[in-house]
Amino acid sequence: MAASVREKQAAALKRMLNFNAPPLKNTASEPVWKVLIYDRFGQDIISPLLAVKELRDMGITLHLLLHSDRDPIPDVPAIYFVMPTEENIDRICQDLRNQLYESYCLNFISAVSRSKLEDIASSALAANAVTQVTKVYDQYLNFITLEDDMFILSHQNKELISYHAINKPDILDTDMEAIMDTMVDSLFCFFVTLGAVPIIRCPTGNAAEMVAVKLDKRLRENLRDARNSLFTGDTMTGGQFSFQRPLFLLADRNLDLATPLHHTWTYQALIHDVLDFHLNRVSMEEGLGAESSPAGARPKKKNRKTYDLTAVDAFWQKHKGSPFPEVAESVQEELDRYRAQEDEVKRLKTIMGLEGEDEGAISMLSDNTAKLTSAVSSLPELLEKKRLIDLHTNVATAVLDHIKSRKLDVYFEYEEKLMSKSTLDKSLLDVISDPDAGTPEDKMRLFLIYYITAQQVPSESDLEQYKKALLDAGCDLSPLNYIKQWKAFTKMAATPASYGSGGVKPMGLFSRVMNSGSQFVMEGVKNLVIKQHNLPVTRILDHLMEMKSHPETDSYRYFDPKMLRGSESSTPRNKNPFQEAIVFVVGGGNYIEYQNLVDYAKAKPGKKVLYGCSELFNSTQFIKQLSQLGQK
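Residues numbered from 1 in each chain as written. Predicted model: local features only at pLDDT ≥ 70, side-chain atom pairs only at ≥ 80, totals over all residues. Heavy atoms only, no water.

Draft legend 1. Seen up close, the overall build of the protein chain. When its secondary structure is counted, the protein chain shows 21 helices and 17 strands. Burial analysis of the protein chain (632 residues in total) assigns 50% to the buried set. Counted over contacts in the protein chain with a minimum sequence separation of 6, partners at least 24 positions apart contribute 80%. (Helix = DSSP H or I, 4+ residues; strand = E, 2+ residues; numbered from the N terminus. Buried < 20%, exposed > 50% of the residue type's maximum accessible area, 1.4 Å probe, protein only. Contact = heavy atoms within 4.5 Å.)

See the structure below:
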């Protein structure tokens, strides 16, 4: 299996940190010590991929932001990793004038224009530093990889390409062009890093189509310019796609607005929904527990703790897509296993403490020495295990608090029933007006899902009744205004998306976790197990990957940048099913869809699916964007 895009991006970064030479295999030689200067964009790209320790192993002693006050270090080479923006270029020129470093290796995250290069050249001349600028590279790394099979376009300035930005009613054409160009630039970088020219499919008449047209043009221009093409020679060999090209499905967020609002039940998606989780780092406040401060004293400041959830963490890799109850159970099992190992070490220590008082201890010593040696040698491993168990205990407990206080299990079950059009056990109005169930935002999300998925729009009188209940619950109704317009508009355009016959089956309460020794008090939380069903995006991908004819996807446009004449044909050339696909959602994505695609690919041996989106939002951030649109 060839390298994933995450490995390729990490390899490209390592090559860059080694002055754009392939990293040496023999680690005996000391690396060249150097400084790394990046901007916020560079920081976001590097941080999910390389830990500080890895940077140090590559010889990076300092890593600093470009626009911070930096002291001159005249005898050290500097590697820059920045976006080619005006202010960054100005700052680099200033560094050259101030002679901050011994030499400058400039790497631009995305392609730098000729005029900006000339600015740097003239500054270097003026500062008499031409010989010190050793290399200038375009890295084409303008995207952020979060998982082996997931990427986003940007984290900084993401509001510039957000759902809100694309769907503003008063958007100017020039702004729209700029947004599309930003996205296409990142996607182009993604395919350069991947080393593959995809076959592009997209729906008609929306932002996704605009992106597709521009991306096709950009890839085509690059392929045609044979001398400077980025898709030939060494980059393409050993590529992931030896004989077959990947399918690139550009989907539009408007295809399915219910999923981003949905309450979820899998671990990773829940963390993203209820905690502060971005770029694979979750930060949460530590509760102080029971020790309350004495009366009159100032309450202690809560510490914010951040945890990295990375690919190295085996528990995370195994369970990030599992339903929450399973995760709680597994954390508990890990904890019990760890305690058993710890007790073993303690027991050995006490035996070793018997310093030859009786003959028995001496004979025990000899075979216990061996045992203790092995126990001690496994200590670092034990400690690392303990760190991971603590991490997941803390994170899972925080998630559980939200589930219990907001009755998220009830919401999840109810919404699944709405989306799969099965019978409801109690009326929507009851849930909305139940003061104990969830926050106003939870209620709004539930109602919007009902509104989006309803075959018939509720009558005016019913709607008024719902609105009153929502207002009484303290909801802001502006998202509904936008969804109303959106629904009226989509109704003309297409049939509502269907959500498959999903649903959940409650599994009786937690028998195992309920024992008193458990960390997690799960009383009253339903043990729901998810039935596998495909969300709209996954379903469309399935039609296109398997080359099935389906009214939903038959009108999708087909682009092949490798065809010389850009013949606009919607008829695909090859009739073989695709093995590899990349799904990209214009207007933002979420972990629910990502998880759904991962499960889909697991069920189809030999198929690989990557998921990307212009930004990653949770429902809180999405509702905020909807309400901004609704206030217009």
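Now that the structure is up, let's keep going.
Draft legend 2. Expanded view of the sheet that holds strand 7 (residues 150-152). One open sheet holds the seven strands; their spatial order is 6-7-17-16-9-8-15, and the pairing between them is mixed. Two strands close off the open sheet at either side, each with one partner strand: strand 6 (144-147) and strand 15 (557-559). Across this sheet, the average inter-strand angle for adjacent strands is 20 degrees, counted without regard to direction. The strands touched by helix 1 (residues 5-17) are strand 6 and strand 17 (608-613); relative to strand 6, the strand with the most contacts, the crossing angle is about 135 degrees. Packed onto the sheet, helix 19 (residues 536-545) meets strand 8 (199-202), strand 9 (247-252), strand 16 (580-586) and strand 17 and runs at close to 145 degrees relative to strand 9. (Pairing = 2+ DSSP bridges. Axes fitted to C-alpha atoms, helices over the stretch in contact; angles between N-to-C directions.)

Draft legend 3. Local environment of the nonpolar core. Residues Leu-13, Phe-81, Ile-271, Leu-275, Val-395, Val-399 and Leu-541 are the most contacted members of the largest nonpolar core, which totals 78 residues. Membership of the second largest hydrophobic core comes to 38 residues, among which are Val-197, Cys-202, Ala-212 and Leu-215. (Core = buried A, V, L, I, M, F, W, Y, C linked by side-chain atoms within 4.5 Å.)

Draft legend 4. Just the sheet that holds strand 2 (residues 60-65), in detail. Spatial ordering of the open sheet is given by 2-1-3-4-5, a layout of five strands whose pairing is parallel. Lying at the two open borders of the sheet, with one neighbouring strand each, are strand 2 and strand 5 (133-138). With direction set aside, neighbouring strand axes in the sheet form an average angle of 20 degrees. Pairing between strand 1 (residues 34-38) and strand 2: five bridges, direction parallel.

Draft legend 5. Representation of helix 14 (residues 408-419). The end-to-end C-alpha distance of helix 14, which contains 12 residues, comes to 16 Å, matching closely the 16 Å that a straight helix rising 1.5 Å per residue would cover. Most of helix 14 sits inside the fold, with 11 of its 12 residues counted as buried. Every buried residue of helix 14 is accounted for by Leu-408, Asp-409, Tyr-411, Phe-412, Glu-413, Tyr-414, Glu-415, Glu-416, Lys-417, Leu-418 and Met-419. Backbone geometry just after helix 14 places Lys-421 at a positive phi near 55 degrees. (Expected span 1.5 Å × (residues − 1).)

Draft legend 6. Spatial organisation of the packing of helix 14 against helix 16 (residues 440-453). The contact between helix 14 and helix 16 brings their axes to 10 Å, and the two run at 10 degrees. Relative to helix 16, the element helix 14 is oriented roughly parallel. Where helix 14 abuts helix 16, its residues Leu-408, Tyr-411, Tyr-414, Glu-415, Leu-418 and Met-419 lie against Asp-442, Lys-443, Leu-446, Ile-449, Tyr-450 and Thr-453. Of the residues assigned to the contact of helix 14 with helix 16, the class counts are eight nonpolar, one polar and three charged. (Parallel < 35°, antiparallel > 145°, perpendicular 65-115°, else oblique. Nonpolar A, V, L, I, M, F, W, Y, C, P; charged D, E, K, R; others polar.)

Draft legend 7. Structural context of a negative patch on the surface. A grouping of Glu-86, Glu-87, Asp-90 and Asp-119 is seen on the molecular surface, where their side chains present a negatively charged patch. The element that contributes the greatest number of residues to the negative patch is helix 4 (residues 86-97), accounting for three residues. Topologically, Glu-86 is positioned in helix 4. (Patch = residues over 30% accessible without salt bridge, like charges linked within 9 Å, V, L, I, M, F, W, Y side chains within 5 Å. Areas by Shrake-Rupley, 256 points an atom, 1.4 Å probe, with all protein chains shown as cover. Salt bridge = Lys/Arg side-chain N within 4 Å of Asp/Glu carboxyl O. Lys, Arg positive; Asp, Glu negative; His and termini not counted. Charge placed at Lys NZ, Arg CZ, Asp CG, Glu CD.)

Draft legend 8. Broad picture of a nonpolar patch on the surface. A contiguous nonpolar patch, built from Val-376, Leu-379 and Leu-383 and spanning about 250 Å² of accessible area, is present on the exposed surface. Structurally, the position occupied by Leu-379 is in helix 13 (residues 379-406).

Draft legend 9. Fine view of the packing of aromatic side chains. Under the counting rule described, the total for this entry stands at 25 aromatic pairs. Relative to Phe-190, the ring of Phe-151 lies with its centre 4.0 Å away and its plane at 15 degrees, an arrangement referred to as stacked. Taken as a pair, Phe-151 in strand 7 and Phe-190 in helix 7 (residues 173-194) lie far apart in primary sequence, 39 residues in all. Phe-151 gets classed as buried once you look at its relative accessible area, which sits at 0%. Arranged with centres 6.4 Å apart and planes meeting at 40 degrees, the rings of Phe-248 and Phe-584 form a pair that is tilted. Here Phe-248 is found in strand 9, whereas its partner Phe-584 is found in strand 16, with 336 residues between them in sequence. Judged by its relative accessible area of 0%, Phe-248 is buried. Following the ring pairs from residue to residue traces out a cluster consisting of Tyr-267, Phe-277, Trp-316, Phe-324, Tyr-591, Tyr-594 and Tyr-611. Arg-218 extends its terminal NZ or CZ atom over the ring of Phe-188, reaching a point 4.1 Å from the ring centre. (Phe/Tyr/Trp six-rings, centres within 6.5 Å; stacked < 30°, edge-to-face > 60°. Lys NZ or Arg CZ within 6 Å of the ring centre and 35° of its normal.)

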